[in-house]
Amino acid sequence: MKTPRRDRWIGRLAWANAIAMGLVVLLGATVTATGSGFGCGESWPLCHGRFLPPLTMEGIIEYSHRVTTLASGLLLVVLLVLVAIERRQVFARWEARIVAGLLVGTLLLQSALGAAAVLAPRHPLVMAVHFGVSLTVFASALVLALVLTRGEALRRRRASGAPQTVTRGAWALLVGTYAVVYLGAYVRHSNASLACLDWPLCQGQLIPELSGATGIVFLHRLSALILTLGLLVLVVRLSSDSELRRRRGDLVSSGMLALGLLLVQSATGAWVVFSRMSLMSILGHAAVVTMLFGVLAILAVQSLPVRGDGRQVAPVVLSEQLQTSRS
């Protein structure tokens, strides 16, 4: 098999791994939405102490989630082995090492949290962290696929530089999204999703009584609003700079896509409320936030400078400094 053909297979495996990790997130959301968390009883990794699940809907859903997690883990092992053999130079770059290490570490943590959810009493904090870690696994797999298939093009764009305000803003939004996701997962796992029966108001009020489940839901909505405004500011910053648009159209495209997904995410949140938590609304909400977190992770990586290449980064940084001084 020739090297170009092997490279194509590595690229296909990388994207298949990212899709598999995304499927794991959605199956996990299905387990929660259908109440199938104990479909395999209190045994793990077996199902009721057996390799095959019982022929019940809860057992099949829970077991499918476990099998998909295992399959995606094995696919990741095969991918990393092939990369180490065929494209060892990829791991010479710090970005690839960090992303691959983060992917492996969070996948192991995700499995451990899944086991803890079965073997120990289910606590909303643990379940919320479990969902957040699952998103990190997917985002890491997505970035790794991008590095393995579009790595050189990505480095060339990053060598053109990005203003520090954009880099800081992109990473702040990524962290902020994780916090919003965590709050949303906590709302879901603490059975507080319908503490506010209307949207965007809560119990007909702009600011409801901030106690108990109502306070948690209001905090989640408020943090989502702040996140939306922050992303809107970043997109305006990217779009209003003609020089930056010319040099870094990838940043503008990723920012616009993230903003669109965030608006759709808000709409699916309203759908969850008005449908009184229908299965499709919950899965749609989980699917959109998974894609949003992945796009924001790509945006954050795109905004990073290339190490040891200060000459190429300088023009954009200098442009930003000139704009600041003029203002």
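Details of the structure are given in the entry above.
Fair warning: this is a prediction, and the values are worked out from it, not measured in the lab.

**Q** Explain the packing of aromatic side chains to me, using residue names and the numbers behind them.
**A** Within this structure, the stated rule accounts for one aromatic pair. Here the aromatic rings of Tyr178 and Phe293 are separated by 6.2 Å at their centres, their planes lie at 55°, and the arrangement is tilted. With a gap of 115 residues between them, Tyr178 in helix α5 (residues 164-189) and Phe293 in helix α9 (residues 279-302) connect regions that are remote in the sequence.

**Q** Tell me what's going on with unusual backbone geometry, and back it up with residues and numbers.
**A** Here the amide bond leading from Trp199 into Pro200 is cis, since omega sits at 5°, within 30 degrees of zero. Following the sequence through the fold, Pro200 ends up in the loop between α5 and α6 (212-240). If you check the backbone angles, Arg276 has positive phi at about 55° while not being a glycine. Along the chain, the position of Arg276 falls in the loop between α8 (249-274) and α9. Here Arg276 falls in the partly exposed class, since its relative accessible area comes to 42%. With a phi close to 65°, Met277 is a non-glycine residue in the positive phi region. With respect to the helices and strands, Met277 occurs in the loop between α8 and α9. What makes Met277 partly exposed here is its relative accessible area of 25%.

**Q** So what's going on with the packing of α5 against α6? Residues and values would help.
**A** Axis separation between α5 and α6 bottoms out at 9 Å; the angle between their running directions is 160°. The angle between α5 and α6 falls in the class roughly antiparallel. For the pair α5 and α6, the sense of crossing is left-handed. Contact residues: α5 offers Thr165, Val166, Gly169, Ala170, Leu173, Gly176, Thr177, Val180, Leu183, Gly184, Tyr186 and Val187, while α6 offers Ile216, Val217, Leu219, His220, Ser223, Ala224, Leu227, Gly230, Leu231, Leu234, Arg237 and Leu238. Taken together, the residues of the contact of α5 with α6 break down into 15 nonpolar, eight polar and one charged.

**Q** Outline the state of the cysteines, supporting the account with residue identities and numerical values.
**A** By definition, a disulfide links two cysteine residues through a covalent bond between their sulfur atoms. Scanning all chains against the criterion turns up one disulfide. Put simply, Cys196 and Cys202 are joined by a disulfide, and their sulfur atoms are 1.8 Å apart. In this structure, the disulfide formed by Cys196 and Cys202 twists by about -65° around the S-S bond and is classed as left-handed. Here Cys196 matches Cys202 in class, with each residue buried.

Calculation rules
- Residues numbered from 1 in each chain as written.
- Predicted model: local features only at pLDDT ≥ 70, side-chain atom pairs only at ≥ 80, totals over all residues.
- Heavy atoms only, no water.
- Phe/Tyr/Trp six-rings, centres within 6.5 Å; stacked < 30°, edge-to-face > 60°.
- Helix = DSSP H or I, 4+ residues; strand = E, 2+ residues; numbered from the N terminus.
- Buried < 20%, exposed > 50% of the residue type's maximum accessible area, 1.4 Å probe, protein only.
- Axes fitted to C-alpha atoms, helices over the stretch in contact; angles between N-to-C directions.
- Parallel < 35°, antiparallel > 145°, perpendicular 65-115°, else oblique.
- Left-handed = near helix turned anticlockwise from the far one by under 90°.
- Contact = heavy atoms within 4.5 Å.
- Nonpolar A, V, L, I, M, F, W, Y, C, P; charged D, E, K, R; others polar.
- Disulfide = S-S within 2.5 Å.

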